[in-house]
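In case you want the letters, here they are:
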Amino acid sequence: MTTSKATFSEHLQFKLHDVKLKAMGYGLKLMKIRHTHVLTGPEAIAELANKVAQSDLKKVLIVTTPGAVKRGYCDTLSSALSARGLASVVYSEVIPDPTFTTVKAGLAVLKEHNCDCAIALGGGSVMDAAKAMIVAATNEQPVESLMGMRKGKNVPLPFYAIPTTSGTGSEVTNAAVISEDITHIKRFMIDSRTVAKVAVLDPSLTASLPAGITAETGMDAMTHALEAYISKLSNPESDALAIEAIQGIFTHLPICFADGNNLQARQAMAEASLTAGMAFRKVMLGYVHAISHQFGAVYGTSHGLGNAILLPLVIEYSKDTVTEKLATLAIKTGLGNASNTQEQLAQSVVNKLKDLNQQLNIPTKLAGLKEADIPKIALSSYAEALKIHAAPKYMGKADIEALIKKLL
């Protein structure tokens with residue numbers, strides 16, 4: 001059992017947060033979230049173009065990256081749209097952890113060309129940037145002021161997604177993360193109207209991902225599923241989705257890591273990532289994300305890598321609070337059976353995460369971490385966790401510092 005080092009004052013804040021969580025949980029239950037139509041197979045992009053054309057839209061902003069342009073993905077999409085009488089314009093300057101400058105530049109292209117919808121072609125950063133653009137396009141106010149819970153009064157432009165990584169599940173979530181330009185502090189937009197109308201899961205688009213990125217994005221999806229599963233707001237529906245995603249990732253991520261051209265495994269990972277996104281969108285996340293976001297802001301650590309490094313440590317810290325749930329997960333994913341104690345089963349989940357990280361060449365230390373930065377990182381993590389997350393076991397600032405020091 002890991003005993004918290006939280007102060008009396010922090011425990012009071014935890015009690016206040018519990019009250020807020022109940023209200024947030026009620027609101028999230030009532031939130032209507034669009035059902036995303038998922039297209040798969042070799043003709044999926046052509047089918048997506050048909051769906052857009054059938055919606056009487058005229059001009060598409062394709063939001064993407066230079067890499068997607070280089071690999072010819074944009075040409076494929078543009079040609080499919082053109083064949084159905086749809087014009088398109090490409091904004092390809094999205095960077096990892098997109099900033100407000102990135103969003104504003106894409107928004108300027110959207111407005112200049114009078115685009116009436118957007119298709120995100122890329123990973124989580126691309127989808128986040130596109131979501132912010134479609135909200136800002138219909139609301140005449142600074143993008144920064146649209147961060148938060150459904151701040152845009154007007155309905156966003158129609159949004160479609162073609163993920164090229166299997167990690168964020170952003171095509172089916174109601175969240176977007178944008179970084180401040182100078183501080184790189186993460187800001188969050190929550191709006192159920194930004195869930196993609198249609199998403200394409202084409203495994204050929206992820207086949208070219210390097211093994212390292214495959215591992216990091218896959219562990220991002222694992223983090224979404226596990227943090228959803230142990231969330232204080234979890235429910236039978238989110239649990240079922242989370243378990244399905246976790247099982248799929250346990251099975252298929254090592255295969256994708258070893259053989260990126262295994263399209264069957266790539267398709268399964270794309271589906272697991274989407275399922276994990278569905279699992280957390282109404283139950284929120286936890287300290288893995290709260291701390292990993294700060295690693296990204298301070299050191300530029302990729303989000304998936306930060307999550308992967310932190311996940312076993314945070315689950316182990318939380319283990320005594322969610323022993324029964326972790327034991328159930330262990331049995332359902334084949335890590336143990338009813339002859340084991342619940343404590344043994346819960347520990348088997350932690351051990352599996354550590355073994356999986358080792359198999360995927362995920363480091364146990366954070367490159368560039370400076371001990372002098374830890375108090376500031378812990379303070380920011382603590383603040384984020386009490387603002388938008390629903391972890392099962394609270395961490396005081398001293399607890400977060402102690403956990404991060406393990407990564408030195």
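Note: the structure precedes this text.
As the structure is a computational prediction, the values presented were derived from the model and not from experiment. (Residues numbered from 1 in each chain as written. Predicted model: local features only at pLDDT ≥ 70, side-chain atom pairs only at ≥ 80, totals over all residues. Heavy atoms only, no water.)

With that settled, the discussion passes to the sheet that holds strand β6 (residues 159-163). Read across the sheet, 6 strands follow the order β1-β9-β6-β4-β2-β3 without closing on themselves; strand pairing throughout is parallel. Each end of this open sheet is capped by a strand with a single partner; those strands are β1 (37-40) and β3 (87-91). The sheet shows a mean angle of 20° between the axes of neighbouring strands, direction not considered. Pairing between β1 and strand β9 (residues 198-201): 4 bridges, direction parallel. Its bridge partner being in β9, L39 is matched across the sheet by V200. Strands in contact with helix α9 (residues 263-280) are β1 and β9; relative to β9, the strand with the most contacts, it is inclined by about 150°. (Pairing = 2+ DSSP bridges. Helix = DSSP H or I, 4+ residues; strand = E, 2+ residues; numbered from the N terminus. Axes fitted to C-alpha atoms, helices over the stretch in contact; angles between N-to-C directions. Contact = heavy atoms within 4.5 Å.)

A few words now on the packing of aromatic side chains. One pass over the full model with this rule turns up 2 aromatic pairs. Both rings, one in F14 and one in Y382, keep their centres 6.3 Å apart while their planes meet at 55°; by these two values the pair is tilted. Pair noted here: F14 is in helix α1 (residues 8-30) and Y382 is in helix α14 (residues 374-388), with a separation of 368 residues, a long-range link. With a relative accessible area of 5%, F14 lands in the buried category. By relative accessible area, which is 5% here, Y382 ends up buried. Ring plane angle 5° and centroid distance 4.3 Å describe the contact between F14 and Y394, whose orientation is recorded as stacked. Remark: Y394 occurs in the loop between α14 and α15 (397-405) and F14 occurs in helix α1; sequence separation between them is 380 residues. Members of the aromatic cluster, connected to one another through ring pairs, are F14, Y382 and Y394. Above the face of the Y229 ring, K325 is positioned so that its terminal group lies 4.4 Å from the ring centre. (Phe/Tyr/Trp six-rings, centres within 6.5 Å; stacked < 30°, edge-to-face > 60°. Buried < 20%, exposed > 50% of the residue type's maximum accessible area, 1.4 Å probe, protein only. Lys NZ or Arg CZ within 6 Å of the ring centre and 35° of its normal.)

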